[in-house]
Each structure stands twice: as C-alpha cells, then as structure tokens.
Amino acid sequence: MTPIRSSSRAIVGWLADYEPRIETSADLEACPRALADFRDSVVERLEEMSSGWARKQLDGPRLFCEWMVERGYLSALPRSITRRWLQVGKDEPNPTFFAASEIKLLLERATDHEIKLAILLGINCAYRESDIVSLQPSDIDFKTSEIRRTRHKTGAVQCHKLWPQTASLLAVQIERGGFEQLRYISNRLTRFIDEMIEGNAEDGAQRRTAKSLRSTAAQWVEDLTDGGAPHLVSQMLGQKDPSVRQHYRRANYTALFEVIDHMARRLTH
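Described below are features of the structure shown in this document. Everything quoted here is computed from the prediction, not taken from an experiment.

Definitions and limits used
- Residues numbered from 1 in each chain as written.
- Predicted model: local features only at pLDDT ≥ 70, side-chain atom pairs only at ≥ 80, totals over all residues.
- Heavy atoms only, no water.
- Pairing = 2+ DSSP bridges.
- Helix = DSSP H or I, 4+ residues; strand = E, 2+ residues; numbered from the N terminus.
- Buried < 20%, exposed > 50% of the residue type's maximum accessible area, 1.4 Å probe, protein only.
- Core = buried A, V, L, I, M, F, W, Y, C linked by side-chain atoms within 4.5 Å.
- Contact = heavy atoms within 4.5 Å.
- Phe/Tyr/Trp six-rings, centres within 6.5 Å; stacked < 30°, edge-to-face > 60°.
- Lys NZ or Arg CZ within 6 Å of the ring centre and 35° of its normal.

**A few points about the pairing of strand β2 (residues 146-150)**
Consideration 1: Pairing geometry for strand β1 (residues 140-141) and β2, over 2 bridges, is antiparallel. Paired with Ile140 across the strands is Ile147, a residue of β2.
Consideration 2: The turn linking β1 back onto β2 is made up of 4 residues, and Ser145 within it adopts a positive phi angle of 55°.
Consideration 3: For β2 and strand β3 (residues 157-161), the ladder comprises 5 bridges, and the chain directions are antiparallel. Looking at β3, one finds that Arg149 is bridged to Gln158.

**Regarding the environment of Trp67**
Consideration 1: Considering the arrangement of structural elements, one finds Trp67 in helix α4 (residues 51-70).
Consideration 2: On the accessibility criterion, Trp67 (36% relative accessible area) is partly exposed.
Consideration 3: When the C-alpha positions of Trp67 and Ile197 are compared, they lie 44 Å apart, and in sequence the two are 130 residues distant.

**Observations concerning the nonpolar core**
Consideration 1: Ile103, Ile119, Ile147, Leu170, Leu189 and Met263 are the most contacted members of the largest nonpolar core, which has 50 residues in total.
Consideration 2: Broken down by secondary-structure element, the contributors of at least two residues to this core are α5 (100-109), α6 (113-124), α8 (164-175), α9 (185-196), α10 (212-224), α11 (230-237) and α12 (254-266).
Consideration 3: When residues in this core are grouped by element, the largest group, 7 residues, is from α6.
Consideration 4: Leu170 has contacts with Leu117, Leu121, Leu135, Ile140, Phe142, Ile147, Leu162 and Phe179, leaving out every residue within four places of it along the chain.

**Describing the packing of aromatic side chains**
Consideration 1: Evaluated as defined, the whole model comprises 4 aromatic pairs.
Consideration 2: Look at Phe64 and Trp67: their rings are 6.3 Å apart centre to centre, the planes differ by 10°, and that puts the pair in the stacked class. Note that Phe64 and Trp67 are positioned in helix α4 at a spacing of 3 residues, about one turn of the helix.
Consideration 3: Overall, the relative accessible area of 26% leaves Phe64 in the partly exposed class.
Consideration 4: An aromatic cluster of at least three residues, connected via ring pairs, comprises Trp14, Tyr18 and Phe38.
Consideration 5: Lying across the ring of Trp220, Arg266 places its NZ or CZ 5.2 Å from the centre.

Printed below as a string of structure tokens:
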C-alpha cells in the first residue's frame, strides 16, 4: 500500500498545480489531458530514473482513478488511462553485489539491532523489506533453526536454514514486538551502507543498496554450485515453480541448506 499511497498523493498534488487547476472529479472529467500530461512528465524522467520507478508512479494514479469510478466519483475511467498507461519499457538487469569482506564490515559496524538483523536476513535468506515485514513468529522454528513460510509477495514456499546469529536476533525482535516495526528498513539500511562503504553513494549504477543483499545471496548460491543448480538459486529467492512438477512432488531443501552453511563459512574466514 505504501507506494500506491505515495504515488496517489503525487497525482493529487500534480492536478492541484495543473493549469486549469483541477480540484474535483468534475474538473478531472472535463480535462482528461491532465493525466496524459502527468504520464508524459513521468516518462520524461526515464533517462535518470528506472522503468520500475516509472511504473510505480503510474500504477497508483491508475488504481486511484479505478477506485473513484467504483465509488461513483467519476463516471468512467479517464480516456488518458489506456492499455499503454503502464508501458514504459523494461530495465536491463543490473544486479549489484557485496564482497564477503564488505558484508563482514557492515555486520561489525552495525550497532543498531534492526539494521544488523536486516543485513543477516538479506544474506542468509535473500530477504527484502517486504519479506521481513510480512514475517510471522509462527514461521520460525527455533528448534531446527529454520524459516518455513509462504512468501507474501508470490505465494511461493520459502525455506531457509538460519545461522545462529540470525536466529538469535530474530528471537530478540519477536520480544520487541515483531517485524512490522521494520517497515522502511530498506531506506535506513541503504543510508547505513553509504556511510560504511567509502564511495558507495557516488558509484552511480553500481551503487550497492539494501536490495543488493538479495542479489549477493543469489550470486553466492550460483558461485558455490558452479552454476550447476539453478533450482537452488530459485529456492533461495523464494521463486514459484512454474512447471507442472510442482503438482507431483514436494521440494527438497537439503541441498540449499548445505549451501547456506557454506555461505556462513564465507563470513567467518
């Protein structure tokens, strides 16, 4: 809801500053080009911003207008919102990674409990903020040191073996009130990364952010299996199996758990 809420506020602000000024749904129906101009303003920024950013800016206004139609504030969806409304191209993959020494440095310098937990969940389980915030205490088995859950974003099964330090910090976070408190941890973690790794903030396209932990976790699995076990990368990322196989067998996570053990050794040598 957060990106939808923020992008919806952005369109309301845009319409309020538009000429002619648009303050009511009747004003909007009378001037459908305003939304087309808004979309153009977003597309113009694609040279400096990503396609993912552009889609987020456009998705909220589209959903907001659909909501107004459903509630009767608009008689119909504005003509500007066509099938191509969200067609802003696709970014070329450009994952960024941390070296093991950099992960060690971040963990050593992290004095904030929530920051350290986010780093560990990012590299141990390839978690992003949405995975952390949606985590439930019932998903964690402290006896076996495992997380077994259904991924909130995709509905895929997610299973990870926990390192002792990860499990310890998870227990503390549960005592502190759970994981909803870690909302917006990505922004805090990215600022911490910029502060701790010299020159990172000026690296442009190669700047490491909170989501680089997920990329790093996936790359470590790829490297430790010599690229010969892509299904383990999918398991690490909690990606849904699109094949018919999912209907005829249960996934086995033994091999992934062994790789996660190897990953831990990268951080201790």
